[in-house]
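Chains, contacts and geometry: an overview
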Amino acid sequence: MRALMFVAPGQLRFDEVDDPTIVDPTDALVRPLAATTCDLDHHVIAGKTPFTGFGPFPLGHECVGTVVEVGPDCTRYRVGDVVGVAWHIACGTCARCAAGLPARCLLHRDAQYGLPVNGAWGGTFSELIRVPYADYNLAPLPAGADPVHLASIGDNLALGWETTMPRIQGVDEPRIGVFGGTGSIGLYVTDVAVHCAKAQTVYYDDDPARMAVAERLGAEVRDIDGRIARDFHVAVDASCDPEKLRKALLSVVPEGWVNSVGIYFQDVELPLLALYQRGVNFHNGKGMARPNMTPVLRHVADGTLHPELVTSGVYDWDQLPEVLTSPDAGHKPVFTLAPPA
Ligand SMILES: [Zn+2]
Ligand SMILES: [Zn+2]
């Protein structure tokens, strides 16, 4: 099969590699129908992450696809099912997985698709992927849903739910601030904030294309360099910019919540005294994906969520290296592959 490889900053190529096979009886093999970039991938390709010197490795950790083979102990899925794939490798049964923290699985730690950490698990920009513990790590797509705009369900799209919904329970008339910048995550967060949390939602950014999407999603859109409100119950930092993180941290009500999903690769100075005086609950960590995929899929199926507005372009699979190394890659390019014969 062909696998898209990260070679070096700005260099991607397709390699011919062996097809993955069923290794454990709980495995399934999935052929992507649509795959897309996690916002992190753009930084990987640009050489802005610690993975720069590790190429070549297979890239990509967001896709939906068709089940083409199942092991004897994969009982929930059958060949032909269309599924979303969680970005990380999790057993689904250890203490942390059982606690709803599969990205902290005790068996597989940081293992994931598309980056060389804790084993070689392939990438979702490959024509076939092996999914361990498939009963746990796959999620069925709703009947009739367009898989193209669900390509991100196993990561960035699910983060929209994870970063907001648990934090607004019991809050009357919630207000949510979204600090965009990484690409798609802030927009998926905005969709959930407006339409599921029913929050008064303010989206801050400096990119006209993303700001236009946030406006269509129903947010009040403001320039990140203007005045920032200070009364959000929840703020989500999806900026990957220390100055914007600082703004997000200082934007919440006393004892409010700030969730940072823009990844920082260097130490960042934080206004800790101001945070102490205000009382800020700050979470910075990986998305758990699987527990959040189900409610998001349900709300896409009933028309509450609009991931199609976040997709910035739909391309043929063969265009992967060219589009992803172009300055015009867009904030959420989706690549489609023909269904299995
Ligand atoms: Zn990711
Ligand atoms: Zn586990």
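Residues numbered from 1 in each chain as written. Chains lettered and ligands numbered in written order. Predicted model: local features only at pLDDT ≥ 70, side-chain atom pairs only at ≥ 80, totals over all residues. Heavy atoms only, no water.

1. So, the overall build of the chain
Basically, it comes down to this: Secondary structure elements are taken from DSSP: a helix is a run of H or I of four residues or more, a strand is a run of E of two residues or more, and numbering for both begins at the N terminus. The globule rule used here is 2.2 Å times the number of residues to the 0.38 power, and the radius of gyration it is set against is calculated over C-alpha atoms. Only protein chains enter the area calculation, which uses a 1.4 Å probe; residues under 20% of their type maximum are buried, those over 50% are exposed, and those in between are partly exposed.
Within the chain one finds 10 helices and 16 strands. For 341 residues, the compact-globule formula gives about 20 Å, and the C-alpha radius of gyration of the chain, at 19 Å, lands near that figure. With the C-alpha coordinates aligned to their principal axes, the bounding extent of the chain is approximately 55 × 40 × 35 Å. Counting across all 341 residues of the chain, residues that qualify as buried make up 57%.

2. Some points on the coordination of the zinc ion (ligand 1)
The condition that has to hold: Water is absent from the atoms considered, so a metal site may look incomplete; donors are defined as N, O and S atoms within 2.8 Å of the metal, or 3.2 Å for Na, K and Ca.
Only C38 (SG), H61 (NE2) and D155 (OD) from the protein reach the zinc ion (ligand 1) as donors, at distances of 1.9 to 2.3 Å. The sequence pattern describing where the donors of the zinc ion (ligand 1) fall on their chain is C-x22-H-x93-D. In this pair, H61 is assigned in the loop between β4 (57-58) and β5 (62-70) and D155 in the loop between β8 (138-140) and α4 (156-162), connecting sequence segments 94 residues apart. Under the relative-accessibility criterion, H61 is labelled buried at 2%.

3. With respect to the layout of surface pockets
Put simply, the rule is: Residues are said to line a cavity or pocket when one of their atoms sits within 4 Å of a point; the points come from a 1 Å grid over protein atoms alone, cavities being sets where a 1.4 Å probe fits but cannot get out and pockets being open sets with protein on both sides within 12 Å along at least five of seven lines. Grid points are joined across faces, edges and corners, and a volume is the space filled by probe spheres set on the points. Gly is placed with the polar residues, together with every amino acid not listed as nonpolar (Ala, Val, Leu, Ile, Met, Phe, Trp, Tyr, Cys and Pro) or charged (Asp, Glu, Lys and Arg). An automatic or database domain assignment supplies the residue ranges for each domain.
By volume, the largest pocket is sized at about 630 Å³. Surrounding the largest pocket, 32 residues form its lining, L40, V261, I263, G285 and K286 being those nearest its centre. Secondary-structure elements contributing two or more residues to the lining of the largest pocket are α1 (39-45), α4 and β14 (280-284). Here the lining of the largest pocket takes 3 residues from α1, the largest share from any one element. A breakdown of the residues in the lining of the largest pocket according to their chemical character gives 18 nonpolar, 10 polar and 4 charged. Each of two domains, domain 1 (2-155 + 288-336) and domain 2 (159-284), supplies a minimum of three residues to the lining of the largest pocket. What the second largest pocket holds in volume is close to 390 Å³.

4. Thoughts on the domain arrangement of the chain
Filter applied, for reference: The contact rule is simple, with two residues in contact once any of their heavy atoms fall within 4.5 Å. Values labelled buried area give the accessible surface lost by two parts on being combined, using a 1.4 Å probe and summing over both. The salt bridge definition used is simple: a Lys or Arg side-chain nitrogen within 4 Å of an Asp or Glu carboxyl oxygen.
For the chain, the assigned domains are domain 1 (2-155 + 288-336) and domain 2 (159-284). Every contact between the two is made by 22 residues of domain 1 and, on the other side, 20 residues of domain 2. Taken over both partners, the interface formed by domain 1 and domain 2 buries close to 2000 Å², and the fraction arising from carbon and sulfur atoms is 67%. At the junction of domain 1 with domain 2, the criterion picks out 0 salt bridges.

5. Let's talk about the sheet that holds strand β12 (residues 232-237)
Quick note on the threshold: For two strands to be treated as a pair, DSSP must find at least two bridges joining them. Comment: axis = line fitted to C-alpha atoms, over the contacting stretch for helices; angle = value between 0 and 180 degrees taken between N-to-C directions.
Reading across from one edge, β11-β10-β9-β12-β13-β14 is the order of the 6 strands in this open sheet, with parallel pairing throughout. Of all the strands in the sheet, the pair left with one neighbour each is β11 (220-223) and β14. Strand-to-strand twist in this sheet, taken as the mean axis angle between neighbours without regard to direction, amounts to 20°. Two elements, β12 and strand β13 (residues 252-260), share 5 bridges in a ladder whose sense is parallel. In the strand pairing of β13, F232 is matched with V252. Contacting β9 (175-179), β12, β13 and β14, helix α7 (residues 242-249) runs over the sheet at an angle of about 145° to β13.

6. So, the packing of aromatic side chains
Short version of the rule: Each aromatic pair joins two rings of Phe, Tyr and Trp (for Trp, the six-membered one) with centres within 6.5 Å, and gets the label stacked for planes under 30 degrees apart, edge-to-face for over 60, and tilted for any other angle.
On inspection of all chains with the given rule, the structure shows 7 aromatic pairs. For the ring pair F51 and F54, a centre distance of 6.4 Å and an interplane angle of 65° mean the geometry is edge-to-face. Ring geometry for Y204 against F232: centres 6.2 Å apart, planes inclined by 80°, an arrangement best described as edge-to-face. Of this pair, Y204 sits in strand β10 (residues 200-205) while F232 is found in strand β12, placing the two residues 28 residues apart along the sequence. Members of the aromatic cluster, each reached through a chain of ring pairs, are F125, Y315, W317 and F335.

7. Quick word on the pairing of β5
Every regular strand shows the same layout, with side chains that alternate between the two sheet faces. Where strand β3 (residues 28-36) and β5 come together, 8 bridges link them in antiparallel fashion. When the sheet's bridge partners are listed, R31 is paired in β5 with T66. Summarising the sheet, β5 and strand β6 (residues 82-85) pair through 3 bridges and their orientation is antiparallel. Paired with V64 across the strands is G84, a residue of β6.

8. Here's the deal with unusual backbone geometry
In this model, G55 is joined to P56 through a cis peptide bond whose omega is 0°. Positionally, P56 belongs in the loop between α1 and β4. For N118, which is not a glycine, the phi torsion comes out positive at approximately 50°. Relative to the helices and strands, N118 is located in the loop between α2 (95-98) and β7 (129-131). One non-glycine residue with positive phi stands out, namely C240, at about 65°. With respect to the secondary-structure elements, C240 resides in the loop between β12 and α7.

9. Side note on the coordination of the zinc ion (ligand 2)
When four donors bind a metal tetrahedrally, each ideal donor-metal-donor angle is 109.5 degrees, and when six bind octahedrally, the ideal angles are 90 or 180 degrees. Quick note on the threshold: Just to be clear on the cut-offs, tetrahedral is four donors with all angles between 85 and 135 degrees, square planar is four donors and octahedral six with opposite donors over 155 degrees apart and all others between 65 and 115, and anything else goes down as irregular.
Only C91 (SG), C94 (SG), C97 (SG) and C105 (SG) from the protein coordinate the zinc ion (ligand 2), and they sit 2.3 to 2.4 Å from it. One way to put it: the 4 donor atoms around the zinc ion (ligand 2) meet at angles of 103 to 118°, and that makes the site tetrahedral. Binding-site remark: the zinc ion (ligand 2) is held by donors from one chain whose sequence spacing is C-x2-C-x2-C-x7-C. One exposure class covers both C97 and C105, and it is buried.

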